[in-house]
Amino acid sequence: MTAAPIYLDHAATTPVRPEVFEAMAPYFGPRFGNASSTHRWGREARAALDESRERIARCLGAAPDEVCFTSGGTEGDNLAVLGGWRVLKAKGKTAIVSSSMEHKAVLQSVHQAAKEGAEERLLRSESNGTVSMDDARAQIGAGGLALTSVMWVNNETGVIQPIDELAQLTKAAGGLFHTDAVQAFGKIDIDARKIPFDFVAVSGHKFGAPKGIGAFFIRRGTPLEPLFFGGTQDRGRRPGTENVPYAVGLARAMELAVEEREAHWITLEVMRDRLEAALLARVPDALVHGRGAKRAPHILNVSVPGTDSESLLMALDLQGVAASSGSACQSGSVTPSHVLAAMGVRADLASAAVRMSLGALSTPADIERVAELFPALIQKARGLAGVA
Amino acid sequence: MIDDTCHLDVPLPASLPAGTRPRVLVAMSGGVDSSVAAAMLVRDGYDVVGVTMKLFHDGGEVPDRPCCSLESVNDARRVAEHLGIPHYVLNLQDRFGRDVVADFVAEYAAGRTPIPCVRCNTFTKFRDLLTKADAIDAPFIATGHYARVADGRLLRGEDDAKDQTYFLWGIDRAVLARMILPVGSMTKQETRAMARELGLITAEKAESQEICFVPDGDYVKVLERELPADAPALMRGPIVTLDGTVVGQHEGFARYTVGQRRGLPGGSHEPLFVIALRPEDRAVVIGPREALLGRGLIAREVNWLVTTPPAVGAAIQVRIRHRAPPVPGTLVRSDVGEVEVMLDSAVHAISPGQSVVLYDGDVVLGGGVIASGRRVLPVRAA
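Quantities reported herein were computed from a predicted structural model and do not represent experimental measurements.

1. Some details on the overall build of chain A
Argument step 1. Helix and strand counts for chain A stand at eleven helices and 14 strands.
Argument step 2. Scaling as 2.2 N^0.38, a compact globule of 388 residues should have a C-alpha radius of gyration of about 21 Å, and chain A matches this with 21 Å.
Argument step 3. Projected onto its principal axes, the C-alpha coordinates of chain A cover approximately 65 × 55 × 35 Å.
Argument step 4. Relative to its 388 residues, chain A shows a buried fraction of 52%.
Argument step 5. Taking contacts inside chain A between residues at least 6 apart in sequence as the whole, the part at least 24 apart equals 74%.

2. Re the overall build of chain B
Argument step 1. Within chain B, the regular secondary structure consists of six helices and 17 strands.
Argument step 2. A compact globule built from 382 residues would reach a C-alpha radius of gyration of about 21 Å, and chain B, at 22 Å, matches this within 12%.
Argument step 3. Long-range pairs, those at least 24 residues apart, make up 66% of the contacts in chain B with a sequence separation of at least 6.

3. Section: the sheet that holds strand β4 (residues 140-142) of chain B
All names here are of chain B.
Argument step 1. Spatially, β3-β2-β1-β4-β7 is the arrangement adopted by the five strands of the open sheet, whose pairing is parallel. Of all strands in the sheet, those with a lone pairing partner are β3 (87-91) and β7 (179-180), marking the two edges.
Argument step 2. As defined by bridge partners, β4 adjoins β7 across two bridges and the pair is classed as parallel. If you follow Ala142 over to β7, its bridge partner there is Ile180.
Argument step 3. Across the sheet, helix α1 (residues 32-43) is in contact with β1 (23-27), β2 (47-54), β4 and β7; its angle to β1 comes to roughly 170 degrees.

4. So, the sheet that holds strand β3 (residues 95-99) of chain A
All names here are of chain A.
Argument step 1. Taken in spatial order, the seven strands line up as β2-β8-β7-β6-β5-β3-β4 in an open sheet, and their pairing is mixed. At either margin of the open sheet sits one strand with a lone partner, and together these are β2 (67-70) and β4 (119-123). Between one strand and the next, the sheet's axes are offset by a mean angle of 20 degrees, whatever the strand orientation.
Argument step 2. The strands that helix α2 (residues 40-60) touches are β2, β7 (199-203) and β8 (214-218); relative to β2, the one it contacts most, it runs at about 110 degrees.
Argument step 3. Against the sheet, helix α4 (residues 104-115) contacts β3, β4, β5 (145-149) and β6 (176-180), and its axis sits at roughly 155 degrees relative to β3.

5. With respect to the nonpolar core
Argument step 1. Formed by 232 residues in total, the largest nonpolar core has its most connected members in Val24, Ala38 and Leu41 of chain B.
Argument step 2. The element that contributes the greatest number of residues to this core is helix α7 (residues 244-282) of chain A, accounting for 14 residues.
Argument step 3. Contact partners of Leu41 of chain B, with chain neighbours within four places excluded, come to Val24, Val26, Tyr46, Val48, Ala142, Ile180 and Pro182 of chain B.

6. Focus on the pairing of strand β12 (residues 293-304) of chain B
Residue and element names in this part refer to chain B.
Argument step 1. Of the pairings in the sheet, the one linking β12 to strand β15 (residues 338-348) comprises six bridges and is antiparallel in character. Looking at the pairing, Gly294 lines up with Val347 of β15.
Argument step 2. With eight bridges connecting them, β12 and strand β17 (residues 363-375) associate as antiparallel partners. Bridged to Ala299 within β17 is Ile370.

7. Topic: α1 of chain B
Residues and elements named next belong to chain B.
Argument step 1. With twelve residues, α1 ought to run about 16 Å at 1.5 Å a step, and its terminal C-alpha atoms sit 16 Å apart, in line with that.
Argument step 2. The buried count for α1 comes to eleven of twelve residues, which makes it a mostly enclosed element.
Argument step 3. Every buried residue of α1 is listed here: Val32, Asp33, Ser34, Ser35, Val36, Ala37, Ala38, Ala39, Met40, Leu41 and Val42.
Argument step 4. Looking at the packing, one finds that the buried side of α1 touches β1, β2, α2 (70-83), β4, β7 and α5 (188-197).
Argument step 5. In the stretch just after α1, Gly45 is the one whose phi turns positive, near 90 degrees.

8. Describing the environment of Gly144 of chain A
Residues and elements named next belong to chain A.
Argument step 1. Looking at the element boundaries, Gly144 is found in the loop between α5 (133-140) and β5.
Argument step 2. For the pair Gly144 and Leu88, spaced 56 residues apart in sequence, the C-alpha separation works out to 9.8 Å.
Argument step 3. Among all residues touching Gly144, those that are not within four sequence positions of it are Lys93, Thr94, Ala95 and Glu119.

9. Some points on the pairing of strand β11 (residues 283-287) of chain B
All names here are of chain B.
Argument step 1. Within β11, five of the five residues are buried, which leaves the element mostly enclosed by the surrounding structure.
Argument step 2. Where strand β10 (residues 273-278) meets β11, five bridges bridge the pair, whose relative direction is antiparallel. Bridging across to β11, Val274 finds its partner in Ile286.
Argument step 3. Where β10 hands over to β11, the hairpin turn is made up of four residues, of which Arg282 adopts a positive phi near 55 degrees.

10. Let's talk about the confidence of the model for chain A
Argument step 1. Of the residues in chain A, 96% reach a pLDDT of 70 or more, and the chain-wide mean stands at 94.
Argument step 2. Taken as a whole, residues 384-388 of chain A scores under 50 in pLDDT and shows eleven contacts with residues more than four places along the chain or in a different chain.

So, how was this worked out
Residues numbered from 1 in each chain as written. Chains lettered and ligands numbered in written order. Predicted model: local features only at pLDDT ≥ 70, side-chain atom pairs only at ≥ 80, totals over all residues. Helix = DSSP H or I, 4+ residues; strand = E, 2+ residues; numbered from the N terminus. Rg over C-alpha atoms; globule rule 2.2 N^0.38 Å. Buried ≥ 20, exposed ≤ 12 C-beta atoms within 10 Å, placed from the backbone. Contact = placed C-beta atoms within 7 Å. Pairing = 2+ DSSP bridges. Axes fitted to C-alpha atoms, helices over the stretch in contact; angles between N-to-C directions. Core = buried A, V, L, I, M, F, W, Y, C linked by C-beta atoms within 7 Å. Expected span 1.5 Å × (residues − 1). pLDDT = per-residue confidence, 0-100.

So, in structure tokens, the structure goes:
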């Protein structure tokens, strides 16, 4: 019999935590009201929503009116990039500085803005996966800056970007600063009082809340054009009937993540480092992406020469191990990673990348099993890969 | 009714411990044939893993084809879900572009008429797929082709109207030992009936005879996209008769194929056909139907699928196009990678670039790419 399956794809999504599920439950049933209604059902929902917003604000070092609910990271990124840029465009500032390693939610929003007249300035990456600060200083300072959008933690490599410095540079240049913190929340201290970002996008399902809910931070007084129209919910920044149960769940999940953050970091880092060391010991020519940079502790992205991601991911899955490659397209096929390409990783190595991401479900026993299994699968994939 | 007798001629490898279900990697295009192939393998107790090969970018340009469109990937996935087997999508766009599409374009540019499906089977389906099979410890690979494998030999499909061996001559002989072709012993009607019986969503799916990456059968559009604007194959040139008389102009010889009748100058008392394409002087040679007759051919890139290839002088059956019945002939020369074949009776339109497949009854001996035909009537050179 095969052993129990091992989930090493926490950067893709996580299970809803029991505490979160429990907190949400009443708002599907007895407390089902519409938070905009004036009757008792409405008031009950409104109270839960207000309270959730306050709790989320505390998790971000923010005021409640600086927190907006979204459907998740993609919406937050679109809202910041397009909603922020469109306001400044009207004031004659058209440049967007971003990086070529961003999640597609940011990159495609930037491309959309470019179609509407934005000047696109994508920052170069150092080979270790951090943005080039020389390039950042030049591009941010080049005039006409509307907005900078750089992700806090890269979803493929786990590399941490110098957000504080980038935000400072952007503010000095008179621009708005957005960071996609989807992989950062719960790993890194995100505090609006410490770093002068204007927008932050967070996605609930990366840390135990359900899919379809996210928190979006907008610093007080920051102009923003909404993407949706039709109501006054969330101050008109995000109209539509609020998803009260999910908002309650998100608040609970965020609080738990903040409480556990430091301990969680250490737990994950020990396991990730163990896996990394074991793989490098057994497959000495394996390449760990972002190895020289500061990295979040939950992601290990590795390429082995002479293999390909597709074969390895299939082989791992058939052995019960869930991992992923950089990004999957709509049909579910593996496409070469734009992140690794931006880091200057050779195409054949980029197409061999396997991302293993640790989280709440990970155990040291899992790590030991994968450390044994992965090198064995490499041997098979190497046997014939590259014959053509 | 599902036929209960085992249709699989492939014996299980002796090395597998008793009780182990051998793993088979089945290529699922999203069409009815490969859906049924996967279902039959599940029924027969194999450890089936399904893959759909994404061969080219489907940027809305190619509507719905048996393979490659998003719709087809979804169909294959739904069938796999129905069968309870894992399903993966393989991105082979780069390899397919290099091994198949680039060759397709180069062949037309050289005045030949290629069959991309042959190269797709040779390289993509039965080589790249095998690499994936090795990586997941699958001793077997399977497809929905209408052909059979027995005793390490490739045989024509049971359904004469559907037999696809014409496209399979190029695969590595060693692959045969690992190949399972479940629907090859059935007729198309039986395959559909089984699909209906199993409730597969692909049961009624129409089939396409077109080349998957050529939208609306308009191969010239693909050439115009892939070739430089000043490619000789797409430039104006003379239309000449067999004796060399120029009777008109054309806008690129790659727009014509041997045997074609449409689009030629009229005014002649008998129907005219494209007899040959001559890249040297960009000429399209035309003539009467009997000028298409050939009684022999030379083939290159020859691949044998039998351990002992036929000796010179052997009587064989020869097929020069899909669906045409094989005709009797003789192997008159056999060198490394090249053969010459004479036919007992002349046939029409032996086209360079097309495949020739050699048979001994049901057994596929091998095949090659037609380099030239031996004409009955002479054509004056450029």
